[in-house]
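Residue-level listing of the chains:
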Amino acid sequence: MCSPKALLAMRSTSYFGIYGRMVWRKFRDVTKRHPYTTNVITSALVFSCGDVLGQAFEKSSATGSASVESKKSEGVETQNSPYDWPRTLRATAYGTGISVWLQAWWGFLQNSANRFVPIGRFSKLTNVLFVVALDQAVGASILNAGYFFTVSWLTDFNFDKATQRMKECFPAQMLAHLSFWPWFSIALFYTVSAISTRLLIRNIVFAGWSATMSHRNHAAEIDEDVHENSPVSAE
C-alpha cells in the first residue's frame, strides 16, 4: 500500500502531466493560428531571459581576491550592484527585431531544401545537413554579429563603437557557436518533425545560450570602460 507522501507525489505528477499537455496543445494551436506573433513574443522572451541569466551569473561570480571597492571602480559587477534593466531591454529589442528576419530566413531554408534536396529523391539526413550547413554558414553569422552590434549601438548610438564591439566579440562567440549548434541542430531536425516542437526545444536551449552572448558583450564593455578610464589612455 502506498504511503500518503507517495500518493501525493503521484497525484502531483498526474496533475502536472495533464496541465502540461493542455498548455502544450494551447501553445501549438496559437502557434499555428498566429505564427509570426507567437515567434516574435517567444524570441523577445528568450533574449530577455538570457540577459537575466547572464546578469545573475555575473552577480553570483562577483567574488575573488579583489576588493569590492576596486571592482566597483573598474565597473565590475558585485553582489550589491543594481540590476541593469536597460541592458535587458536592449537584449529584448534585439530578440524582437531578429525574429522577423528569422521567420523569413527559416522559410527560405525549408523551401530551398525542398527544392534542391527533396526527401523524395534524397535521404532525410541529406536534407537536414543541407539546411543546417546553410543556416550555420549564413544565419548563425548574422545572428551573432547582429547581436553584438545592435546591443552596443543601442547603448549610446555610436556606430564606430558598435562595429568595434562586433569585431571584438564575434570570432570567439562564433567558435563557441560552431562547437555546439551544428550538432544540436542536426539531432533536432532529424528527430523532431513538428516545426512548433522544434521551435520550442530550440528556444529553451537558446535562452541559456543567449546568456553567454550577454555575458561576453558585458565583459567587453567593462574592458572598454577600464581602458578609457585608465591613466595611460587618458594621456
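Keep in mind that what you see is a predicted model, and the values were worked out from it rather than measured.

### Some words on the overall build of the protein
Scanning the protein from N- to C-terminus turns up 9 helices and 0 strands. Per-residue burial over the protein gives 36% buried out of 235 residues. Excluding contacts between residues fewer than 6 apart, the proportion of contacts in the protein whose partners are at least 24 apart in sequence is 71%. Carbon and sulfur atoms provide 67% of the accessible area of the protein, an area that totals close to 14000 Å².

### Describing a nonpolar patch on the surface
A cluster of nonpolar residues, Ile 18, Tyr 19 and Met 22, forms a patch on the protein surface that exposes about 300 Å² of accessible area. Along the chain, Met 22 turns up in helix α1 (residues 4-33).

### What to know about unusual backbone geometry
With a phi close to 55 degrees, Phe 157 is a non-glycine residue in the positive phi region. Structurally, Phe 157 can be placed in the loop between α5 (124-156) and α6 (159-178).

### Points about the nonpolar core
Judged by nonpolar contacts, the single largest core of 20 residues is most densely connected at Phe 47, Tyr 94, Ile 98, Leu 143, Tyr 147 and Phe 206. Listing elements by their share of this core, those giving two or more residues are α2 (35-60), α4 (85-116), α5, α7 (181-191) and α8 (195-229). Of the residues forming this core, the biggest block, 5 residues, is contributed by α8. Apart from the residues within four sequence positions on either side, Ile 98 is in contact with Ser 43, Phe 47 and Leu 143.

### Concerning α6
With 20 residues, α6 should reach 28 Å at 1.5 Å per residue; the first-to-last C-alpha distance of 27 Å fits that figure. Within the span of α6, buried status applies to Ala 162, Thr 163, Arg 165, Cys 169, Gln 173, Met 174 and His 177.

### Remarks on a negative patch on the surface
Together, Glu 168, Asp 223, Asp 225 and Glu 228 make up a negatively charged patch on the protein surface. For Asp 225, the position within the fold is in helix α8.

### Comments concerning the packing of α5 against α6
Viewed as axis vectors pointing N to C, α5 and α6 meet at an angle of 140 degrees, and their least axial separation amounts to 8 Å. Seen from above, α5 lies across α6 with right-handed handedness. Contacts between α5 and α6 involve Gln 136, Ala 140, Ser 141, Asn 144, Ala 145, Phe 148, Phe 149, Ser 152, Trp 153 and Asp 156 from the former and Phe 159, Lys 161, Ala 162, Thr 163, Arg 165, Met 166, Cys 169, Phe 170, Gln 173, Met 174, His 177 and Leu 178 from the latter. Considered class by class, the residues forming the contact of α5 with α6 number 12 nonpolar, 7 polar and 3 charged.

### Here's the deal with the pattern of salt bridges
Under the definition given, this model contains 4 salt bridges. A salt bridge links Asp 51 to Arg 87, with the nearest nitrogen and oxygen atoms 2.9 Å apart. Residue Asp 51 is found in helix α2, and its partner Arg 87 is found in helix α4; the two are separated by 36 residues along the sequence. Arg 87 shares its class with Asp 51; the two are buried. Close ionic contact of Glu 58 with Arg 87 constitutes a salt bridge, the shortest N to O distance being 2.8 Å. Taken together, the positions of Glu 58 in helix α2 and Arg 87 in helix α4 put the pair 29 residues apart, joining distant regions of the chain.

### Digging into the packing of aromatic side chains
Applying the stated criterion to the full structure yields 17 aromatic pairs. Relative to Phe 206, the ring of Trp 181 lies with its centre 5.5 Å away and its plane at 50 degrees, an arrangement referred to as tilted. Placement of Trp 181 in helix α7 and of Phe 206 in helix α8 is noted, with a sequence separation of 25 residues between them. With a relative accessible area of 3%, Trp 181 lands in the buried category. A connected cluster of aromatic rings, assembled from ring pairs, spans Phe 47, Tyr 94, Tyr 147, Phe 148, Phe 180, Trp 181, Phe 184, Phe 206 and Trp 209. Its end group placed over the ring of Phe 206, Arg 202 keeps NZ or CZ at 5.0 Å from the ring centre.

Criteria and cut-off values
- Counting of residues starts from 1 at the beginning of each chain's written sequence and follows it residue by residue.
- Only residues with pLDDT of 70 or above have their local features reported here, since the model is predicted, and side-chain atom pairs are shown and tallied only from 80 upward, although totals for entire chains, interfaces and linings are computed over all residues.
- Remark: hydrogens and water are excluded; side-chain values derive from all non-hydrogen atoms of the structure.
- Helix numbering and strand numbering both begin at the N terminus, where a helix is a DSSP run of H or I of at least 4 residues and a strand a DSSP run of E of at least 2.
- A simple rule labels every residue: compare its accessible area, found with a 1.4 Å probe on the protein chains alone, to the largest value its type can have, and call it buried under 20%, exposed over 50%, or partly exposed in between.
- Contacts are residue-level and defined by heavy atoms, with any inter-residue pair within 4.5 Å sufficient.
- Only the protein chains shown count as covering a residue, and every accessible area follows the Shrake-Rupley method with a 1.4 Å probe.
- For patches, a residue must show more than 30% relative accessible area and have no salt bridge; joins then use 9 Å for like charges and 5 Å for nonpolar side chains, namely Val, Leu, Ile, Met, Phe, Trp and Tyr.
- Every case where a carboxyl oxygen of Asp or Glu lies within 4 Å of a side-chain nitrogen of Lys or Arg is listed as a salt bridge.
- By nonpolar core we mean a set of buried residues, namely Ala, Val, Leu, Ile, Met, Phe, Trp, Tyr and Cys, connected to one another through side-chain atoms within 4.5 Å.
- By this rule the span expected of a helix is its residue count minus one, scaled by 1.5 Å.
- In this tally, Asp and Glu contribute negative charge and Lys and Arg positive charge; neither His nor the terminal groups of the chain are included.
- We put the charge of a Lys on NZ, of an Arg on CZ, of an Asp on CG and of a Glu on CD.
- Whenever a helix is involved, its axis is fitted only over the stretch in contact; in every case the axis is a line through C-alpha atoms, and angles between N-to-C directions fall within 0 to 180 degrees.
- Crossings are assigned a handedness: left-handed for a near helix turned anticlockwise from the far helix by less than a right angle, right-handed for a clockwise turn.
- Each residue gets one label: Ala, Val, Leu, Ile, Met, Phe, Trp, Tyr, Cys and Pro are nonpolar, Asp, Glu, Lys and Arg are charged, and the others, such as Gly, are polar.
- Classification of ring pairs rests on two measures: the distance between centres of Phe, Tyr or Trp rings, Trp counted by its six-membered ring, which must be within 6.5 Å, and the angle between planes, read as stacked under 30 degrees, edge-to-face over 60 and tilted in between.
- Criterion for a charge above a ring: Arg CZ or Lys NZ at most 6 Å from the ring centre, at most 35 degrees from the ring normal.

Bear in mind that shape data such as this cannot, by itself, settle questions of function.
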